[in-house]
Amino acid sequence: GDSVTQMEGPVTLSEEAFLTINCTYTATGYPSLFWYVQYPGEGLQLLLKATKADDKGSNKGFEATYRKETTSFHLEKGSVQVSDSAVYFCARDGGGSEKLVFGKGTKLTVNP
Amino acid sequence: KAGVTQTPRYLIKTRGQQVTLSCSPISGHRSVSWYQQTPGQGLQFLFEYFSETQRNKGNFPGRFSGRQFSNSRSEMNVSTLELGDSALYLCASSLGRGTYNEQFFGPGTRLTVL
């Protein structure tokens, strides 16, 4: 079935390091793709999204490009901050419905 | 504008009991979806409601049910609780259906089944 696979965590980086969290998806058709972030004790917040191939979503220094040829949507940030410590979820939509299919999540810890 | 609110935030029940969780969407939002989050299974879709009708349902047993009221508030119910139902239950609301409508998540209700 349709699924989302993202790199296993946890990921630990030093402040100002470069971040990549890999995400690939399987789907029939061309789903919309999302990255959500969950801070400790909170619900999920939409970080960025892309709705068609070659779209680049960006927000707060994070970027991800919808790559149809590799069915990927990797999250990147050039210089992470301690405040970026959180769990990041890659997701795709369920084809016209509100259903979101999530990856397992990647916990990021950024040390000063 | 107030965000999505979920009550209660924490709940402890014993096996065999039933539980009702509540979700109040952002004002004006008509679509509400529920998700279960566990360490083992991650985030899994439970159901979606729009205009008081269930539009989509995930792969969960019939013990899990829900409803939506005319003011778009939603409740989900789990009967005959099992230990494996311990999870964070997240509610999300959006203006309408379709992925062009961003889903806004509440803080969740953490259910512990003893």
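See the structure shown above.
What counts, and at which threshold
- Residues numbered from 1 in each chain as written.
- Chains lettered and ligands numbered in written order.
- Predicted model: local features only at pLDDT ≥ 70, side-chain atom pairs only at ≥ 80, totals over all residues.
- Heavy atoms only, no water.
- 1 Å grid on protein atoms, 1.4 Å probe; cavity = no way out; pocket = protein on both sides within 12 Å on 5 of 7 lines; lining within 4 Å.
- Points joined across faces, edges and corners; volume = space filled by probe spheres on them.
- Helix = DSSP H or I, 4+ residues; strand = E, 2+ residues; numbered from the N terminus.
- Nonpolar A, V, L, I, M, F, W, Y, C, P; charged D, E, K, R; others polar.
- Pairing = 2+ DSSP bridges.
- Axes fitted to C-alpha atoms, helices over the stretch in contact; angles between N-to-C directions.

**Regarding the layout of surface pockets**
Empty space among the atoms becomes apparent when a probe as large as a water molecule is rolled across them. Taken as a whole, the largest pocket spans an internal volume of roughly 590 Å³. What lines the largest pocket is a set of 29 residues, among which Gln38(A), Val87(A), Phe89(A), Gln37(B) and Arg110(B) lie closest to the centre. Counting only elements with at least two residues in the lining of the largest pocket, the list comes to strand 10 (86-93) and strand 12 (106-111) of chain A together with strand 4 (31-38) and strand 9 (87-94) of chain B. Classifying every residue of the lining of the largest pocket gives twelve nonpolar, eleven polar and six charged. Each pocket or cavity is described by its volume, and for the second largest pocket that value is around 280 Å³. Along the walls of the second largest pocket sit 17 residues, with Lys99(A), Val101(A), Leu43(B), Gln44(B) and Phe45(B) positioned nearest its centre. Listing elements by their share of the lining of the second largest pocket, those giving two or more residues are strand 1 (3-6) and strand 11 (100-102) of chain A together with strand 5 (42-50) of chain B. Counting residues per element, the lining of the second largest pocket draws most heavily on strand 5 of chain B, which supplies four residues.

**Observations concerning the sheet that holds strand 1 (residues 5-7) of chain B**
Residues and elements named next belong to chain B. Overall, antiparallel pairing links the four strands, which are arranged 1-3-8-7 in an open sheet. In this open sheet, the two edge strands, each paired with only one partner strand, are strand 1 and strand 7 (64-68). Strand after strand, the sheet turns through a mean of 20° between neighbouring axes, direction not considered. As paired strands, strand 3 (residues 19-24) and strand 8 (residues 74-78) are joined by five bridges and run antiparallel to one another. Looking at strand 8, one finds that Val19 is bridged to Val78.

Structural measurements only, silent on function.
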